[in-house]
Structures are given as structure tokens and as C-alpha cells.
There are 2 protein chains.
Amino acid sequence: MARSRLTPEAIETALASLSGWKLREDGLAISKTFKFRNFVEAFGFMAQSALVAEKLDHHPEWFNVYSRVDVTLTTHDAQGVTELDVKLAQAMEQAGMHRI
Amino acid sequence: MARSRLTPEAIETALASLSGWKLREDGLAISKTFKFRNFVEAFGFMAQSALVAEKLDHHPEWFNVYSRVDVTLTTHDAQGVTELDVKLAQAMEQAGMHRI
């Protein structure tokens, strides 16, 4: 079930429980830009998120430049957003709690 | 001097001593795509590179999805490629030695 594509309503409900995540225009991914004070904090967030991602066996697409991390989450197998993306987003919220 | 923009000739010489790095079309950055066996290896490479980057006080722009890491190096202050980019590229070569 974790890899079943969520309905638009379920995605909307999930996003409402998160902060700053948006559904991509094509509806197939969610994304957020995290801002930190510096590279050490940004990479600390990435390291923490990486451990969770590996544990979930579900990994982000992300871009980092200095203190910024752009994250995109999607489930390729399901060609859309699943419960796994929501779980990873929740974990990344926790990991990113020290963002400015 | 480390933050002085290199001449096109100096960049070419530096790239010749590296493997797989290319000058971006606009001539202002160098880039390489690293491929690994899985996320653990890709993120291991990123962690190792991050420590070097922080030590050099010079950071990459990079995108990661699963086993792939796209790296772009440029020196914003100099609006181009400097010795710092070459140093970071050399260190990333070392860090990426286990790539497939």
C-alpha cells in the first residue's frame, strides 16, 4: 500500500499536515526548498535525511548549493506521490527543524 | 590567488589532469556526473566531499538522485573557474574513486 499512488485529496490532506511542501504542477511529485544558515547545517540536514531515506528504501531527488536544499519527492514505481513520499517528507521536516 | 579566475588555457590543463570533468558551455564552471552502485555509495561520496568542501570553504552545487550525483563547480566571487574549483574537483575525484 505504501507504494500506491495517493489520490489528489489524500495528497492535499498530507500536505496540510506539513509545512512549505507543494505539489508539483504535473501532480506527480511534492517539493520544498529548505534554507539553512550555512553549508554545515544544510549538509547536516542532508545526512540526517539520507539515513532515513536509506531506511525507508525511498530516496529524494535533491539539489544543494551552500545553505539551500531543493527537495523533490516522487515514487517512480507508482508514477506519482505515495505514502512513502509523505513519510520521507515528514522525516525531512524533523531533520530540517533547525532551518532559519 | 586561489580565487583568481583561471585562463582558458589553465582550465584546459587542469581538466586534462582530471577524469570526466567538462567545462560548461559558458566557460564559467566545470561539471561532472558521478555514478555509483547505489544510494549509500553516492551519499558516502557526498559526505566525504562535503567535509573537504567545508575545509576549503568552497562548496559545490550538486544534484543527487539515487546513485547519481551531478556536480558543478564555480567560484561566484570570481565569476568563473579558479584554483579552488580545481582543488575541490581533485578531492572529489579521490572521494569518487569507488564509483562504477
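As the structure is a prediction and not an experimental result, all values here were calculated from the model. (Residues numbered from 1 in each chain as written. Chains lettered and ligands numbered in written order. Predicted model: local features only at pLDDT ≥ 70, side-chain atom pairs only at ≥ 80, totals over all residues. Heavy atoms only, no water.)

K.L.:
Outline the relation of the copies chain B and chain A, supporting the account with residue identities and numerical values.
P.N.:
Aligned on chain A, chain B shows an RMSD of 0.0 Å; the corresponding rotation is 180° and the shift along the axis is 0.0 Å. What we have between these two chains is a two-fold relation. Identified as the residue of chain B closest to the rotation axis by C-alpha distance is B:Phe63, at 2.1 Å. (Least-squares fit on C-alpha atoms with pLDDT ≥ 70 in both.)

K.L.:
Describe the pairing of strand β4 (residues 68-73) of chain B, with residues and values.
P.N.:
All names here are of chain B. Across six bridges, the pairing between strand β2 (residues 30-35) and β4 is antiparallel. What sits directly across from Lys-35, in β4, is Arg-68. Pairing between strand β3 (residues 61-65) and β4: five bridges, direction antiparallel. Paired with Asn-64 across the two strands is Val-69, which belongs to β4. The turn linking β3 back onto β4 is made up of two residues, and Tyr-66 within it adopts a positive phi angle of 50°. (Pairing = 2+ DSSP bridges. Helix = DSSP H or I, 4+ residues; strand = E, 2+ residues; numbered from the N terminus.)

K.L.:
Summarise the interface of chain B and chain A; cite the residues concerned and give the values.
P.N.:
Taken together, the 15 residues of chain B in the interface contact 15 residues of chain A. For the pairing of chain B and chain A, the buried interface totals around 1,400 Å² over both sides, and the portion due to carbon and sulfur atoms is 75%. Area buried by chain B at its contact with chain A is led by B:Phe39, B:Phe43 and B:Trp62, which between them contribute 35% of it. At the boundary of chain B and chain A, one finds zero salt bridges. Our count for the chain B to chain A interface comes out at two residue pairs in polar contact (both at pLDDT 80 or more). (Contact = heavy atoms within 4.5 Å. Buried area = accessible area lost by both parts, 1.4 Å probe. Salt bridge = Lys/Arg side-chain N within 4 Å of Asp/Glu carboxyl O. Polar contact = N/O pair within 3.5 Å; in protein donor to acceptor, adjacent residues only side chain to side chain.)

K.L.:
Any details on the nonpolar core? Residues and values, ideally.
P.N.:
Counting residues in hydrophobic clusters, the biggest one holds 52 residues, and the most contacted among them are A:Trp21 and B:Trp21. Apart from the residues lying within four places of it in its own chain, the contact partners of A:Trp21 are A:Leu15, A:Ile30, A:Ser31, A:Lys32, A:Phe34, A:Val71, A:Leu73, A:Ala89, A:Met92 and A:Glu93. (Core = buried A, V, L, I, M, F, W, Y, C linked by side-chain atoms within 4.5 Å. Buried < 20%, exposed > 50% of the residue type's maximum accessible area, 1.4 Å probe, protein only.)

K.L.:
Residues and numbers for helix α3 (residues 83-95) of chain A, please.
P.N.:
With 13 residues, α3(A) extends 18 Å from end C-alpha to end C-alpha; this agrees with the ideal 18 Å at 1.5 Å per step. Among the residues of α3(A), those classed as buried are A:Leu84, A:Asp85, A:Val86, A:Leu88, A:Ala89, A:Ala91, A:Met92, A:Glu93 and A:Ala95. (Expected span 1.5 Å × (residues − 1).)

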